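Report on the structure
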Amino acid sequence: MNEPATSAPSSRHDPFAALRYRNFWIYVSSYAIAVVSSIMLSTCAKFEVNELTRHSASGPSFYLGLLAACGAVPVLALSIFAGHVADRFSRKGVLILTQIVLSIMPVLFALLALRGITSVWMIYAIILTNGIALTFARPSRGALIVTLVPRKHFGNAVTWNSSIFEISGAMAPAIAGYLIAGTQLSNALFVSGACMFACLIISLWLPNPKAASGKEPLTIRSLLAGVRFVLRTRLLFAAMSLDLFAVLFGGVTYLMPVFADRLGVGAKGLGWMLAATSFGAISMAFFQTLRPPYRRAGRALLIAVVGFGVATIVFGLSTSYWLCLAMLFVVGMCDNVSVVVRHSLVNLITPDSMRGRVGAVNQVFIGASNEIGGLESGMTAAAFGPVASAVIGGALTIATVITIALKFREIRLLGALHEIKPAPGEEPLDPQADRGFEVATKLEELAP
């Protein structure tokens, strides 16, 4: 039984509600260390690919774009199957197995680097394998968090989870940058492997709830159930689409080494540039934690994504390192609003029997768009230059917000997230388990 670690004070809005539950502490602790490990590995891979291709005919932008593709391919190819696995088998068990693989990849990279046999193709193979493990881990981890706190505190849990993610994300590239610049690449990679192994050990203390749909056979219909659920739930589809295209067009993260070279700031500067978005997201995450939930979440989401696009444009045009850091800070703030609203919506509107598969669809929309956005930015930068890539991406992001806001009235009218109820699953195996699930309340009633 996941009881509060301490008695919660009676208040209308408790900013620390989710942190009062022991299982949630275990979850966010393991998650924080996993994020440090994964981002350190990604930072090392970007740095090494940039070094290996600096003097190539195509330039580093092209090869960094291919590196992004290595992370996107597993998401696109395997997410639907990974979602079915998350709903059919132990979500904790899936996490443990994937973390074993994720612990091995950075250590293997480090050992090869020490022997001096690194190549872009070897790095691509490691990132591809790492991406496969992450593709199976994300739906299971995302579905597990809903079981750790009462439903009324889930929004608070998402906000704290986002805060922990951003704190870890801010630390990881800075640590990797200093280790690479001060010692050598292999040391950063060994630290990454050690972090993931620590995550694995902590994850052993997570609860192991019964599989949501353990008896459901693997069929084309069951695999695609999450896709059908998203397509027929217009509010969910609109929110996912908004993030899909915003991140797709505004994904300049994979070009950070190129912009660091353009600004002449070296490995340490690169580390802080990669960390700036996380610092912005941390600030916004804590702000959202301390304030009451949004009464008009849809409006907040639309404004945040517009801000994301504007900041991306200014970042691309700037030749000042400090202004670039400021714009990346704003990008992180805006992205955090989007993350909290979307992740809360995905989990609150989806019945437990389908959370793995809907989470997998969300992974395709969002996870793949990060990597494909990196590929798009790399290809655009190779053709038109990094500045044009950032400006075009930011402008297309703003155009996306306008299009979705006009086409989907539901997103404009979205009010308080905690008032949303789960929509019914598709032919649930156990009708008793899904009894009580209702279609989301009318959006007009959600608006204040």
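Residues numbered from 1 in each chain as written. Predicted model: local features only at pLDDT ≥ 70, side-chain atom pairs only at ≥ 80, totals over all residues. Heavy atoms only, no water.

Quick notes on the overall build of the protein chain
The helix and strand inventory of the protein chain stands at 18 helices and zero strands. Out of the 448 residues belonging to the protein chain, those deemed buried represent 58%. Total accessible area computed for the protein chain in this model is approximately 18,200 Å², and 67% of it derives from carbon and sulfur atoms. (Helix = DSSP H or I, 4+ residues; strand = E, 2+ residues; numbered from the N terminus. Buried < 20%, exposed > 50% of the residue type's maximum accessible area, 1.4 Å probe, protein only. Areas by Shrake-Rupley, 256 points an atom, 1.4 Å probe, with all protein chains shown as cover.)

Brief notes about empty space enclosed by the protein
One water molecule sets the probe size; rolling that probe over the atoms shows where empty space is left. Tallied over the entire structure, the rule returns four cavities of 30 Å³ or more. What lines the second largest cavity is Asp243, Ala246, Val247, Val305, Phe308, Cys334, Asp335 and Ser338. Of all elements in the fold, only α9 (234-250), α12 (297-317) and α13 (321-349) reach the threshold of two or more residues within the lining of the second largest cavity. Looking at the lining of the second largest cavity, its residues break down into five nonpolar, one polar and two charged. (1 Å grid on protein atoms, 1.4 Å probe; cavity = no way out; pocket = protein on both sides within 12 Å on 5 of 7 lines; lining within 4 Å. Points joined across faces, edges and corners; volume = space filled by probe spheres on them. Nonpolar A, V, L, I, M, F, W, Y, C, P; charged D, E, K, R; others polar.)

Examining the packing of α12 against helix α15 (residues 386-407)
The interhelical angle for the contact between α12 and α15, taken along N-to-C directions, is 165 degrees, at an axis separation of 7 Å. Accordingly, the angle class assigned to the pair α12 and α15 is roughly antiparallel. Relative to α15, α12 is oriented so that their crossing is left-handed. Each of Leu302, Val305, Val306, Phe308, Gly309, Val310, Thr312, Ile313, Gly316 and Leu317 in α12 lies in contact with α15, whose residues at this interface are Val387, Ala390, Val391, Gly394, Ala395, Thr397, Ile398, Val401 and Ala405. (Axes fitted to C-alpha atoms, helices over the stretch in contact; angles between N-to-C directions. Parallel < 35°, antiparallel > 145°, perpendicular 65-115°, else oblique. Left-handed = near helix turned anticlockwise from the far one by under 90°. Contact = heavy atoms within 4.5 Å.)

Observations regarding the side chain of Thr53
With respect to the secondary-structure elements, Thr53 resides in the loop between α1 (22-52) and α2 (60-88). Not counting the four nearest positions on each side in its chain, Thr53 is found in contact with Gly59, Pro60, Tyr63 and Val120.

Concerning the packing of α1 against α2
Taken N-terminus to C-terminus, the directions of α1 and α2 make an angle of 145 degrees; their axes are 9 Å apart at the nearest point. Here α1 runs over α2; the crossing is right-handed. Between α1 and α2, the contacting residues are Ala45, Lys46, Val49 and Asn50 on the first element and Pro60, Tyr63, Leu64 and Leu67 on the second. The residue makeup of the contact of α1 with α2, split by class, is six nonpolar, one polar and one charged.

Observations concerning the confidence of the model for the protein chain
It should be kept in mind that the predicted coordinates are not to be read in detail where pLDDT is low. The share of residues in the protein chain with pLDDT of 70 or more is 84%, and the mean pLDDT across the chain is 79. pLDDT under 50 marks residues 1-11. Its contacts with residues more than four places away, or in other chains, come to 18 contacts. Scored below 50 in pLDDT, residues 426-448 makes 46 contacts in the model with residues more than four places away or belonging to other chains. (pLDDT = per-residue confidence, 0-100.)

As for the environment of Leu290
Along the chain, Leu290 falls in helix α11 (residues 266-290). Spatially, the C-alpha atom of Leu290 lies 9.5 Å from that of Asn156, the residues being 134 residues apart in sequence.

Observations concerning the packing of aromatic side chains
Taken as a whole and judged by the stated rule, the model has 11 aromatic pairs. Between Trp121 and Tyr124, the ring centres sit 5.3 Å apart and the planes meet at 85 degrees, which makes this aromatic pair edge-to-face. With Trp121 and Tyr124 both in helix α4 (residues 120-144) and three residues apart, the pair spans about one turn of that helix. For Trp121, a relative accessible area of 59% gives the class exposed. By relative accessible area, which is 6% here, Tyr124 ends up buried. An aromatic cluster of at least three residues, connected via ring pairs, comprises Phe16, Trp160 and Phe286. Positioned above the aromatic ring of Tyr27 is the side chain of Arg141, whose terminal nitrogen or guanidinium carbon lies 5.2 Å from the ring centre. (Phe/Tyr/Trp six-rings, centres within 6.5 Å; stacked < 30°, edge-to-face > 60°. Lys NZ or Arg CZ within 6 Å of the ring centre and 35° of its normal.)

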